[in-house]
Amino acid sequence: MPEPAIAVEGLTKVFAGSGIGRRSAETVAVSDVSFEVDAGAAFAIVGESGSGKTTVARCLAGLETLTNGTIEVCGERLAGTGSSRAERLRRARMIQLVFQDPYQSLDPRQPVGSALAEAISLHRPKGEATEKAVVSLLERVGLSAKIIDSYPRVLSGGQRQRVAIARALAAGPEAIVFDESVSALDVSIQAQVLNLIADLRESDGVTTIFISHDLAVVSQVSDTMIVMRRGEVVEAGATDEILASPSHPYTQRLIASVPHIGWDPEKLLAQ
Ligand SMILES: Nc1ncnc2c1ncn2[C@@H]1O[C@H](COP(=O)(O)OP(=O)(O)O)[C@@H](O)[C@H]1O
Ligand SMILES: [Mg+2]
């Protein structure tokens, strides 16, 4: 059996309270979450707002320490309680995060080409941050080399998200986590970016973890998924099976609450 690209075991994240008023209590954002994703596979994490999806993403990408549990990337343990800063940095390189808002990873004052060159040299310090490398990254995400000197603000929302994806690819990651990355885009642009992500998986073999509250999107972009509720996994398995016959009442409610789908498995799968 080949090793999974990502193996998460018993992931738990508790945020300490601020000590002021209502926020003084600690928050158990993620509790005992486990899942595995095969190399090159398409995985999704679904759940309503506040269910802990972004916290899982941030733990995967090395932006948070873990309260408990472990994360393995290609069989190498890169996070656990007491994981070192070096492990966290390595995790951050191997698992890249693309946010809903591209400005979370792009500096508005930095031209596109310079942002990509910086990402390349950060993760691949051997002087590979040439213009050729930048142009090749742009091409991989379907953008023209002409935008190399442009600032993010002059680009369209779809173009900006493509630049954010290029920036993630610059690290040469094992996996990319897309946290609601197409939620803010128009439907037609959304479809184009989803196609790009599918192409990258097929051509580069990059493992993709798609986080969304939108089940129509999830049905398009994942083969397996977990459903999260209040920080816990309530359902896990093949996406088409879960969407066609959800076994947990929460998943059933989630599917029923999608206005343009309703709970009609036939219709949902035909999308
Ligand atoms: N930095 C933080 N400090 C305190 N609580 C947090 C922090 N980040 C997230 N939370 C809490 O953790 C829970 C899960 O949040 P989140 O992971 O953002 O969920 P989702 O992405 O599914 O909407 C929420 O109750 C949220 O308020
Ligand atoms: Mg979120």
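Residues numbered from 1 in each chain as written. Chains lettered and ligands numbered in written order. Predicted model: local features only at pLDDT ≥ 70, side-chain atom pairs only at ≥ 80, totals over all residues.

Caption draft 1: Just the site of ligand 1, in detail. Residues in contact with ligand 1, as listed here, are Phe 15, Thr 27, Ala 29, Gly 47, Ser 49, Gly 50, Ser 51, Gly 52, Lys 53, Thr 54 and Thr 55. Sorting elements by how many residues they give to the shell around ligand 1 places helix H1 (residues 53-60) first, with three residues. Its residues assigned to classes, the shell around ligand 1 comprises two nonpolar, eight polar and one charged. (Near = placed C-beta within 6 Å. Helix = DSSP H or I, 4+ residues; strand = E, 2+ residues; numbered from the N terminus. Nonpolar A, V, L, I, M, F, W, Y, C, P; charged D, E, K, R; others polar.)

Caption draft 2: A look at helix H5 (residues 157-170). The end-to-end C-alpha distance of H5, which contains 14 residues, comes to 20 Å, matching closely the 20 Å that a straight helix rising 1.5 Å per residue would cover. For H5, the tally of buried residues reaches 13 of 14 residues, placing the bulk of the element in the interior. Among the residues trailing H5, Gly 172 stands out with phi positive, at a value near 60 degrees. (Expected span 1.5 Å × (residues − 1). Buried ≥ 20, exposed ≤ 12 C-beta atoms within 10 Å, placed from the backbone.)

Caption draft 3: Structural detail: the sheet that holds strand S9 (residues 224-229). Reading across the sheet, the six strands line up as S6-S7-S8-S3-S9-S10 and stay open at both edges, with mixed pairing between neighbours. The open sheet is flanked by strand S6 (95-98) and strand S10 (232-238), the only strands paired with a single partner. Adjacent strand axes in the sheet meet at a mean angle of 20 degrees when their direction is disregarded. Alignment of S6 against strand S7 (residues 175-179), held across four bridges, turns out to be parallel. Of the residues in S7, the one forming a bridge with Leu 97 is Val 177. (Pairing = 2+ DSSP bridges. Axes fitted to C-alpha atoms, helices over the stretch in contact; angles between N-to-C directions.)

Caption draft 4: Quick look at the environment of His 123. Tracing the backbone shows His 123 in helix H3 (residues 112-123). Sequence separation of His 123 and Ala 171 is 48 residues, and the distance between their C-alpha atoms is 5.3 Å. His 123 has contacts with Arg 93, Ala 170, Ala 171 and Gly 172, leaving out every residue within four places of it along the chain. (Contact = placed C-beta atoms within 7 Å.)

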